[in-house]
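What follows is the residue order along each chain.
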Amino acid sequence: MVVLSKQTTERYSYIRNCNKTSTLSTIPVVDLSKPEAKALIVKACEEFGFFKVINHGVPIEAILKLESEAINFFSLPHNQKEKAGPPNPFGYGNKKIGVNGDVGWVEYLLLKNNQDYNSMRLSSVFGQNTDKFSVLNEYMCAVRKMGCEILELMAEGLNIEEKNVFSKLLMDKESDSVFRLNHYPPCPEMALDNKSDEKLVGFGEHTDPQIISLMRSNNTSGLQICLKDRSWVAVPPDYNSFFINVGDSLQVMSNGRFRSVRHRVLANGSDSRLSMIYFGGPPLSQKIAPLSCLMKGNEESLYKEFTWFDYKKSAYASRLADNRLGHFERF
Ligand code: GA4
């Protein structure tokens, strides 16, 4: 008989009744090379705040090179990785998420959209190894380009004349975007107890504060999204595609028409999950408010006025699962 000890993992949260979670078979898939992409993007953002893209244009070599660097990094001895920590707010983090006591079965690297800053922050681990940073930079540039293409299709789908109304925020040299590598190690306890209906939380439920998040993962499951009816569904992994989330700022800019999707990641018993996420954010001084061209008749803004700086400050002081936009709602 195997006696399971919860000692190593007892500070973490568990989700019960996992076997009942359904798999999202209707996940919207957008082929960026097809003319119907813009309409599908708008529909998916309204219904789910989430979709998957194929024919995304991010070169497979750029993806694989960064993935292999990430695997190398997370395979380093613990004391080596710790040299790149703590994540205040950028750097290596292990289990602790944010500053308010959230924990998850995850280790990660949080990076800035600035090559010089990242190489300085990580020089204690990588020295002045410029190759590693050009791999990272190449990936980030390609993903940002895809993000801008998606945002431009979105603007067209919404019949907005200024096609770059969203994408210009990511292209701005002051854009406050963030990049994250997440490694969810296999959880040995779960592997032993494979009949258990309980799963350990890798990254607890939350919404992303930025405009748009662009995620690529390896082929290990774990991601779940919350639907409008508040049920959770598992998203089957697909390492050839990118998964796109609407963030809180885009929900506000669309005056609530688009949904900032609540999502979480559950740990896996036997396989490592590796995900790479680009969080496209605006410059700090950017006003985040519903676009006037999207307001119909005498439609009122659902939100108070704020800048990305105000929102980010409030978001980073919150707990992961909080409804961060709540403080900024008018009604
Ligand atoms: C969620 C989205 C991004 O991963 C992130 C996260 C950030 C962090 O890990 O430091 C936060 C979280 C995220 C929202 C609430 C605060 C801040 C952890 C946390 C508890 C980098 C981001 O921008 O916001």
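This text goes with the structure placed above it.
Residues numbered from 1 in each chain as written. Predicted model: local features only at pLDDT ≥ 70, side-chain atom pairs only at ≥ 80, totals over all residues. Heavy atoms only, no water.

S.K.: Explain the pairing of strand β13 (residues 263-266) residue by residue, including any values.
M.R.: Neither face of β13 is exposed, since His 263 and Val 265 on one face and Arg 264 and Leu 266 on the opposite face are all buried. The sheet contact formed by strand β10 (residues 223-226) and β13 spans three bridges and is antiparallel. Each residue of the ladder has a partner; that of Ile 225, found in β13, is His 263. (Buried < 20%, exposed > 50% of the residue type's maximum accessible area, 1.4 Å probe, protein only. Helix = DSSP H or I, 4+ residues; strand = E, 2+ residues; numbered from the N terminus. Pairing = 2+ DSSP bridges.)

S.K.: Which residues make up the sheet that holds strand β4 (residues 50-54), and what are the values?
M.R.: Spatial ordering of the open sheet is given by β3-β4-β12-β9-β14-β7-β6-β5, a layout of eight strands whose pairing is mixed. On the outer flanks of this sheet lie β3 (29-31) and β5 (91-97), each paired with one strand and no other. Here the strands of the sheet are splayed against their neighbours by 25° on average, with no regard to which way each runs. In the sheet, strand β7 (residues 178-184) pairs with strand β14 (residues 273-280) via seven bridges, with the strands oriented antiparallel. Looking at the pairing, Phe 179 lines up with Tyr 278 of β14. Along the sheet, helix α2 (residues 60-74) contacts β5, β6 (102-112), β7, β9 (212-217), β12 (242-246) and β14; its crossing angle with β14, the most-contacted strand, is approximately 115°. In this fold helix α6 (residues 130-157) packs onto β4, β6, β7, β9, β12 and β14, with an angle of close to 130° to the strand it touches most, β9. (Axes fitted to C-alpha atoms, helices over the stretch in contact; angles between N-to-C directions. Contact = heavy atoms within 4.5 Å.)

S.K.: Tell me about the packing of helix α1 (residues 37-47) against α6, and please be specific about residues and values.
M.R.: Each pair of packed helices can be described by the angle between their axes along with the distance between the axes. For the pair α1 and α6, the least separation of the axes is 8 Å and the interaxial angle reads 90°. In terms of their interaxial angle, α1 and α6 are classed as roughly perpendicular. On α6, the residues that touch Ala 37, Lys 38, Ile 41, Val 42 and Cys 45 of α1 are Ile 150, Leu 153, Met 154, Glu 156 and Gly 157. Taken together, the residues that form the contact of α1 with α6 break down as seven nonpolar, one polar and two charged. (Parallel < 35°, antiparallel > 145°, perpendicular 65-115°, else oblique. Nonpolar A, V, L, I, M, F, W, Y, C, P; charged D, E, K, R; others polar.)

S.K.: Quick one: what's the story with α1, residue by residue and with numbers?
M.R.: Ala 37, Ile 41, Val 42, Ala 44 and Cys 45 are the residues of α1 that are buried. Angular distribution of buried residues about the axis of α1 spans 165°; they occupy a single face of the element. Looking at the buried positions of α1, the neighbouring elements they touch are β3, β4, α6 and β12. Of the residues flanking the end of α1, it is Gly 49, one or two places downstream, whose phi is positive at about 70°. (Arc of directions from axis to C-beta.)

S.K.: Pulling in residues and values, what's your account of the site of the ligand?
M.R.: Near the ligand you find 15 residues, and of these Arg 180, Gln 210, Phe 279, Tyr 316 and Arg 324 are the closest. Here an oxygen atom of the ligand and a side-chain polar atom of Gln 210 are 2.8 Å apart. For the ligand, whose accessible area on its own is 460 Å², the fraction buried by protein is 97%. Among the secondary structure elements, those contributing two or more residues to the shell around the ligand are β6 and α10 (308-316). A breakdown of the residues in the shell around the ligand according to their chemical character gives seven nonpolar, four polar and four charged. (Near = heavy atom within 4 Å. Polar contact = N/O pair within 3.5 Å; in protein donor to acceptor, adjacent residues only side chain to side chain. Areas by Shrake-Rupley, 256 points an atom, 1.4 Å probe, with all protein chains shown as cover.)

S.K.: How would you sum up the sheet that holds strand β2 (residues 22-23)? Please name residues and give values.
M.R.: Read across the sheet, six strands follow the order β1-β8-β13-β10-β11-β2 without closing on themselves; strand pairing throughout is mixed. Both outer strands of the open sheet, β1 (14-15) and β2, are each paired with one neighbouring strand and no more.

S.K.: Explain the packing of aromatic side chains residue by residue, including any values.
M.R.: This model, assessed by the stated rule, comprises 12 aromatic pairs. Ring geometry for Phe 50 against Phe 243: centres 5.8 Å apart, planes inclined by 15°, an arrangement best described as stacked. Residue Phe 50 is found in strand β4, and its partner Phe 243 is found in strand β12; the two are separated by 193 residues along the sequence. The class for Phe 50 is buried, based on a relative accessible area of 0%. (Phe/Tyr/Trp six-rings, centres within 6.5 Å; stacked < 30°, edge-to-face > 60°.)

These results come straight from atomic positions and should not be treated as a statement about function.
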